[in-house]
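A closer look at the structure
Now for the letters of each chain:
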Amino acid sequence: MSLNSNLVNIVVFASGSGSNFKSIHQKIKEGEISGKIKIVVSNNPNSGALKYAISEGIPIFIHNKVRFHNEEKYYESLSKKLIEVNAELLVLAGFMKKIPDEIVAHFERRIINIHPSLLPKFGGKGFFGMNVHRAVIQLGEKESGASVHFVNKIYDDGPIVAQSVITVNDNESPEDLAARVLVEEHKLYPEVVKAFCENRILWENNKPIIVKGN
Ligand code: GAR
């Protein structure tokens, strides 16, 4: 466990049920991750992620084009919020909106995303949630899993930092596969966040590598 002064300031972005966010928050509460979730950003005011944040006393920020309808305000409002909370790591956990390019550039190597496939397979626009698992099964893939990658300006394209691989069972439904991949996500994502907070992600030739802790 680390002392409070060493905690990394994390901003979580989530649009949906927020189970990945919860799995990370749980590890923070257990003292496993030396980070603090400063705020949860969501485009969806009714998301499970926001409900959970509120129940845990974590500040929230609703950021969408209904509240901030011109491009400049949309970017500026988010940018201002990130400065206000002194954000050091942005964690996209089922966030279904694109992070503005200026923010991606500013937070280079400090934004991570989780995706429910073995990237670069089944990534990019249109591949989210159940669409991914349907495609994996339709194409008869033998393996699937979860990937955590750093975010660049292209959807699901940034450098992969960790993956978890599972076997696709014969006659498995997309729903069953999604549920099994999600279990992997809940193990993988906290591990990557933990490694980031412990400064254990090194870069070699533009590739991130997690080094083992003690
Ligand atoms: C997760 O399966 C995550 O990998 C996926 O959305 C789900 C969010 O679940 N993300 C994407 O498809 C991103 N392209 P959660 O809200 O329960 O964490």
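The structure contained in this document is the topic of the report that follows. It should be emphasised that the depicted structure is a prediction, and the values quoted were computed from it without experimental measurement. (Residues numbered from 1 in each chain as written. Predicted model: local features only at pLDDT ≥ 70, side-chain atom pairs only at ≥ 80, totals over all residues. Heavy atoms only, no water.)

1. Notes on the overall build of the protein chain
Helices and strands together make up the secondary structure of the protein chain, namely 6 helices and 9 strands. Radius of gyration (C-alpha) of the protein chain: 17 Å, near the 17 Å computed for a compact globule of 214 residues. Dimensions along the principal axes, computed over C-alpha positions, put the protein chain at roughly 50 × 45 × 40 Å. Contacts in the protein chain between residues far apart in sequence, at least 24 positions, make up 64% of those at least 6 positions apart. As presented, the protein chain carries roughly 11,300 Å² of accessible surface, and 51% of it is formed by carbon and sulfur atoms. Side-chain charges in the protein chain split into 26 positive and 24 negative, and the spacing between the mean points of these groups amounts to 4 Å. (Helix = DSSP H or I, 4+ residues; strand = E, 2+ residues; numbered from the N terminus. Rg over C-alpha atoms; globule rule 2.2 N^0.38 Å. Contact = heavy atoms within 4.5 Å. Areas by Shrake-Rupley, 256 points an atom, 1.4 Å probe, with all protein chains shown as cover. Lys, Arg positive; Asp, Glu negative; His and termini not counted. Charge placed at Lys NZ, Arg CZ, Asp CG, Glu CD.)

2. Notes on the sheet that holds strand 6 (residues 143-150)
Taken together, the 7 strands give an open sheet; going across it, the order is 3-2-1-4-5-6-7, and neighbouring strands pair in mixed fashion. A single partner strand is all that each edge strand has here, and the edge strands are strand 3 (60-62) and strand 7 (160-167). Across the sheet, the mean angle from the axis of one strand to that of its neighbour is 20°, orientation sign disregarded. Here 4 bridges tie strand 5 (residues 111-115) to strand 6, and the two strands are oriented antiparallel to one another. (Pairing = 2+ DSSP bridges. Axes fitted to C-alpha atoms, helices over the stretch in contact; angles between N-to-C directions.)

3. Some words on the packing of helix 5 (residues 130-138) against helix 6 (residues 174-197)
Packed helix pairs are specified by the crossing angle of their axes together with the interaxial distance, meaning the distance between the axes. Taken N-terminus to C-terminus, the directions of helix 5 and helix 6 make an angle of 115°; their axes are 9 Å apart at the nearest point. In terms of crossing hand, the pair formed by helix 5 and helix 6 is right-handed. Between helix 5 and helix 6, the contacting residues are Met130, His133, Arg134, Val136 and Ile137 on the first element and Pro174, Glu175, Leu177, Ala178 and Val181 on the second. Here the contact of helix 5 with helix 6 is built from residues that sort into 7 nonpolar, 1 polar and 2 charged. (Left-handed = near helix turned anticlockwise from the far one by under 90°. Nonpolar A, V, L, I, M, F, W, Y, C, P; charged D, E, K, R; others polar.)

4. Thoughts on the site of the ligand
If you check the shell around the ligand, you find 15 residues, and the closest are Ser17, Gly18, Ser19, Asn20 and Glu185. The separation between an oxygen atom of the ligand and a polar side-chain atom of Ser19 is 2.5 Å. Contact with the protein chains hides 89% of the accessible area of the ligand, taken as 450 Å² for the molecule alone. Every element with two or more residues in the shell around the ligand is listed here: helix 1 (19-29), strand 5 and helix 6. Of the residues belonging to the shell around the ligand, the class tally is 6 nonpolar, 8 polar and 1 charged. (Near = heavy atom within 4 Å. Polar contact = N/O pair within 3.5 Å; in protein donor to acceptor, adjacent residues only side chain to side chain.)

5. Quick word on the pairing of strand 6
Of all 8 residues in strand 6, 7 are buried; the element is thus mostly enclosed. Pairing analysis gives 7 bridges linking strand 6 to strand 7, with the strands arranged antiparallel. Opposite Val148, over in strand 7, you have Ala162 as the bridge partner. (Buried < 20%, exposed > 50% of the residue type's maximum accessible area, 1.4 Å probe, protein only.)

Limitation: the analysis is restricted to geometry and does not speak to function.
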